[in-house]
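# Analysis of the macromolecular model
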Amino acid sequence: MSNNQAGRHGIVRGLDSVARSSSFEGRFGRMFRTLPAATWPEDALKKLAAAMSADAEESPTPENKSDDEENSGISAGYTYFGQFIDHDITFDPNSSLQKDNDVNGLVDFRTPRLDLDNVYGRGPDDQPYMYDNTGMKFLLGRQLTGAEAFAHNVKDLQRITTEPKRAIIGDPRNDENVIVSQLQGAFLRFHNYLVETMPGSSFSDVQREVRFHYQWAVLHDFLPTIIGQKMVDDILSGGLKFYKPRKEAYMPVEFSVAAYRFGHSMVRPIYRLSQTIPRFAIFSNDPGSSLTGFREFPSNWAIDWRLFFNFGNNPNPLSPERIQPAYKIDTSLVNPLANLPASVGGNIPSLPFRNLLRGLRMGLPCGQDVACKMNVTPIPDKNLKVGKATEGDTATNKSIVDIDPSFKGKAPLWFYILAEAQQQFKKNNTPIRLGEVGGRIVGEVLIGLLLNDSHSYLSMAPCWQPRHDLLLNGKFSIAALIAAAGKSSNV
C-alpha cells in the first residue's frame, strides 16, 4: 500500500498501537477494554471475505425494475454522507504519509470532534490559499454542468493545475471519489451562503453556525436513518452506557475498525449522477466512466442530489428521476469492492479481507463477546448468514461456521454487526438499519463526541435550533444543507 493510499479509507496514523490499559484515553481507545482479542487463521478470514464478496453483475439492473439488493429505508447519499463524517472525525494530517499496519505509529493526536476540520483545514490564517481575499469565503473551481434541473451554480473544488489536478481542500480524502468530492463542494458553498446571509459576522461566527447545522444533521438526520429514531432517543434520554471517556473524547477502535464500516455494504456498483449522462461504475478502467477521484473529472458530471437524497419531489420510484437507494446493510459487498484497483487497494485488493484482517491485527473482541458485554443475547452461529439479504439468496446463504469452523462462537465484530442488521430481513423491500450492538456503538460514539465537545451545539447551546429559512419540508437535514448551498453566489 502506498503512502498516499493509507489515508484514503479512514486509516489513521497510530491506529495499530492502541493500548489496552484501562486508563488509556489517547486519540484512540477501546470501549470494551476487558474483552479478550479474538483470533482466527488468516486463511479463514480470506475464505470469509471471499464468501462476503458478491459475484460481478453481468449487466446493471434496469432502472424501470426493482433491484432486490436495494435498501428501501436508506437513500444512496447516506453512504457518502457517512464517509464524509468518517473523514471529519478521523482527520490527521500525517495519515496519508503513514504506511499500512505501522505498529510503531504515534498516538499523540487531538480529540476527535464533529467540527468540520475536513472542510476548514487549519483555517484562513494558516491556509489562505483555500479562501478568498477577505478570508471569509472558500475559493471554488470551475463550473460544473449537467444538473441544471436541480441547481445552476454548481462548482468543482479548487484544484492544482498539474495532472491529475488534485483538490485543494482541508482533507484530501474528500476527493477520493466523485460523489464525496461534490459533497465537500456543497459544504464549501453552504459556508459561503451563510457568509452572504450573515453580514457583519466574523469568520468564527459563520463557522460556528455551519458546524451547528452540520451537527444537527448528524444527530437528527443521519443517525435516525442509520440506527433508527428509537435508538437515538434511548441514548439521548438514557445516557452513554458503553462509550465513557474519562478525560476527553477518544476514538474507539470497535467503532472505527468495525461498527462504522457498515457503510461498505451499502455501496452500489453503479450510480446515476444526473439525468443528462449515463450511469457510471464506482471503479472502471476507463476514467471517462469511473467515479474514482483524486483527479479532475468531466465538467458535465454535476450531481443532481435529488437522485441521492429525498427532497420531496421524486414521485416515480422506478425511473431515471428516482432516488437511488443504498444497498442493504448485510454481509455482502458488491464485487468491485472485492477487486479494488491497485491505485486504491494496493497489494490487498479485497476490501472485505482488509477489514477482517485489520480487526484481527487490532485485537478486536468477537461480536458475541461484545453482545454479551452489552447485555444483548448473542445471535446463534447458525443464524449468522453470509451473503445477500434477498428473497433469492437467503435460503441458500451459508452460516459463518459453514465457511470455517474457527468462527464457532466468535464471529469477527465487523461481520457480526452486518449479520445482526441482516436479521431484520423479511422480504426484499424490508428497510434494514443497524441492530442493537452495531446501532448502539455507532450512536453512542457520535452522540458522545458531541456531548464531550465543549464547542458542540449540545454543549454550548442545547436549545439552539437551525435557521428557519434553511429548513426543507419543515426540518433541517443533509438535503436541506445541500439545497441552501445551491443558493450561494459563485466565487
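Residues numbered from 1 in each chain as written. Predicted model: local features only at pLDDT ≥ 70, side-chain atom pairs only at ≥ 80, totals over all residues. Heavy atoms only, no water.

Turning to the overall build of the chain, a few remarks are in order. Across its full length, the chain carries 15 helices and 10 strands. Per-residue burial over the chain gives 61% buried out of 491 residues. Just so you have it, the chain exposes about 18900 Å², and 50% of that area is on carbon and sulfur atoms. (Helix = DSSP H or I, 4+ residues; strand = E, 2+ residues; numbered from the N terminus. Buried < 20%, exposed > 50% of the residue type's maximum accessible area, 1.4 Å probe, protein only. Areas by Shrake-Rupley, 256 points an atom, 1.4 Å probe, with all protein chains shown as cover.)

When the pLDDT values of the chain are averaged, the result is 89; 89% of them are 70 or greater. Counted against residues more than four places away or in other chains, residues 1-17, with its pLDDT under 50, gives 73 contacts. The model gives residues 21-26 a pLDDT under 50, and that stretch makes 15 contacts with residues more than four places away or in other chains. (pLDDT = per-residue confidence, 0-100. Contact = heavy atoms within 4.5 Å.)

Counted according to the given criterion, the structure contains 29 aromatic pairs. Considering the side-chain rings of Trp305 and Phe308, the 5.7 Å spacing of their centres and the 65 degrees angle between planes classify their relative orientation as edge-to-face. Grouping aromatic residues by their ring pairs yields a cluster made of Phe81, Phe84, Phe187, Tyr214, Phe222, Phe255, Tyr260 and Phe262. In this structure, Arg142 packs its charged tip against the face of Phe297, placed 5.4 Å from the ring centre. (Phe/Tyr/Trp six-rings, centres within 6.5 Å; stacked < 30°, edge-to-face > 60°. Lys NZ or Arg CZ within 6 Å of the ring centre and 35° of its normal.)

Most of helix H15 (residues 478-485) is tucked away: 7 of the 8 residues are buried. Buried residues along H15 sit against helix H2 (77-89), helix H4 (178-197) and helix H5 (203-227).

Once that is clear, we can look at the packing of H4 against H5. Their axes nearest at 10 Å, the elements H4 and H5 cross at an angle of 130 degrees. Taken together, the axis directions place H4 and H5 in an arrangement best described as oblique. Here H4 and H5 pass one another in a crossing that is right-handed. Counting all contacts with H4, which are made through Phe187, Phe190, His191, Leu194 and Val195, the residues of H5 involved are Phe203, Val206, Glu209, Val210, His213 and Tyr214. Grouping the constituent residues of the contact of H4 with H5 by class yields 8 nonpolar, 2 polar and 1 charged. (Axes fitted to C-alpha atoms, helices over the stretch in contact; angles between N-to-C directions. Parallel < 35°, antiparallel > 145°, perpendicular 65-115°, else oblique. Left-handed = near helix turned anticlockwise from the far one by under 90°. Nonpolar A, V, L, I, M, F, W, Y, C, P; charged D, E, K, R; others polar.)

Attention shifts here to the environment of Val442. By the element assignment, Val442 lies in helix H13 (residues 436-451). A sequence separation of 215 residues divides Val442 from Ile227, and the C-alpha atoms of the two residues are 7.9 Å apart. Not counting residues within four places of it along the chain, the set of residues in contact with Val442 comprises Leu223, Ile227, Phe255, Ala259, Tyr260, Phe262 and Leu434.

Let us look at unusual backbone geometry. For the bond running from Glu163 to Pro164, omega is 5 degrees, close enough to zero to count as cis. Structurally, the position occupied by Pro164 is in the loop between strand S4 (155-157) and H4. Phi at Phe294 is positive, roughly 55 degrees, even though this residue is not glycine. Secondary-structure assignment places Phe294 in the loop between strand S7 (280-281) and strand S8 (325-327).

A few words on the pattern of salt bridges. Within this structure, the stated rule accounts for 18 salt bridges. Residues Arg142 and Asp156 are paired through a salt bridge, measuring 3.0 Å at the closest nitrogen-oxygen approach. With Arg142 in strand S3 (residues 140-143) and Asp156 in strand S4, this residue pair connects regions lying 14 residues apart in the sequence. For Asp156, a relative accessible area of 3% puts it in the buried group. Ionic pairing is found between Lys165 and Glu296, a salt bridge with its closest N-O pair at 3.5 Å. One end of the pair, Lys165, is in the loop between S4 and H4; the other, Glu296, is in the loop between S7 and S8, and 131 residues separate them in sequence. Connected through salt bridges with shared partners, the residues Arg142, Asp156, Arg159, Lys165, Asp175 and Glu296 form a single ionic network. (Salt bridge = Lys/Arg side-chain N within 4 Å of Asp/Glu carboxyl O.)

By size, the foremost hydrophobic cluster in this structure holds 154 residues, and its most contacted members are Phe81 and Leu446. The element contributing the most residues to this core is H5, with 13 residues. If near-sequence neighbours (up to four positions away) are discounted, Leu446 is found in contact with Ile85, Ile89, Leu114, Val218, Phe222, Leu223, Phe255 and Tyr260. (Core = buried A, V, L, I, M, F, W, Y, C linked by side-chain atoms within 4.5 Å.)

What follows is about the packing of H2 against H4. Where H2 contacts H4, the axes come no closer than 10 Å and their chain directions differ by 70 degrees. The angle between the axes of H2 and H4 places the two elements in the roughly perpendicular class. In the crossing of H2 with H4, the sense of the turn from one axis to the other is right-handed. Contacts between H2 and H4 pair Tyr80, Phe81, Gln83 and Phe84 from the former with Ile179, Val180, Leu183, Gln184 and Phe187 from the latter. By residue class, the composition of the contact of H2 with H4 is 7 nonpolar, 2 polar and no charged.

Mapped onto the elements of the fold, Pro466 is located in the loop between helix H14 (457-460) and H15. C-alpha of Pro466 to C-alpha of Phe212: the two residues are 254 residues apart in sequence and 7.9 Å apart in space. When sequence neighbours within four positions are dropped, the list of residues in contact with Pro466 reads His213, Trp216, Leu471 and Phe476.

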